Amino acid sequence: MNDVRNGFTIYINTFFQGPVPVLTGDDEKFIVFETELEAQKEIVDNAMIRLQQFLDGERDYDDAITVEEYVVPVTVHPDGSFTDEAGKCFGPEREH
């Protein structure tokens, strides 16, 4: 069954494009999470990696403590593309 479904993806704000999805898999497709909590945990996991890199001397302090990513609810279409709250369409997504 290939119906429209809801999901969550991770965005950042860019200077030229504005808000855009940021997290892709090895296949270069955007990752869409089933729940908001899963997406939030991914952001926290990435933040913890940056903090550890700071402690290991591999990243500077400001870069390590800055979290620019945030969770956006999206509508996933049967072709794997998804639309965000602003009506911008991206895709295809990768099952996660």
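Further up the page is the structure itself.
Residues numbered from 1 in each chain as written. Predicted model: local features only at pLDDT ≥ 70, side-chain atom pairs only at ≥ 80, totals over all residues. Heavy atoms only, no water.

Further remarks concern the packing of aromatic side chains. Under the criterion given, the structure shown has 7 aromatic pairs. Relative to Phe 82, the ring of Phe 30 has its centre 5.8 Å away and its plane inclined at 85 degrees; by these criteria the two rings are edge-to-face. Residue Phe 30 is found in strand E3 (residues 30-32), and its partner Phe 82 is found in strand E5 (residues 82-84); the two are separated by 52 residues along the sequence. According to the relative accessible area criterion, Phe 30 is buried, its value standing at 18%. A residue is classified by how much of its surface remains accessible, and Phe 82, at 0% relative accessible area, is buried. For the ring pair Phe 30 and Phe 90, a centre distance of 6.1 Å and an interplane angle of 75 degrees mean the geometry is edge-to-face. (Phe/Tyr/Trp six-rings, centres within 6.5 Å; stacked < 30°, edge-to-face > 60°. Helix = DSSP H or I, 4+ residues; strand = E, 2+ residues; numbered from the N terminus. Buried < 20%, exposed > 50% of the residue type's maximum accessible area, 1.4 Å probe, protein only.)

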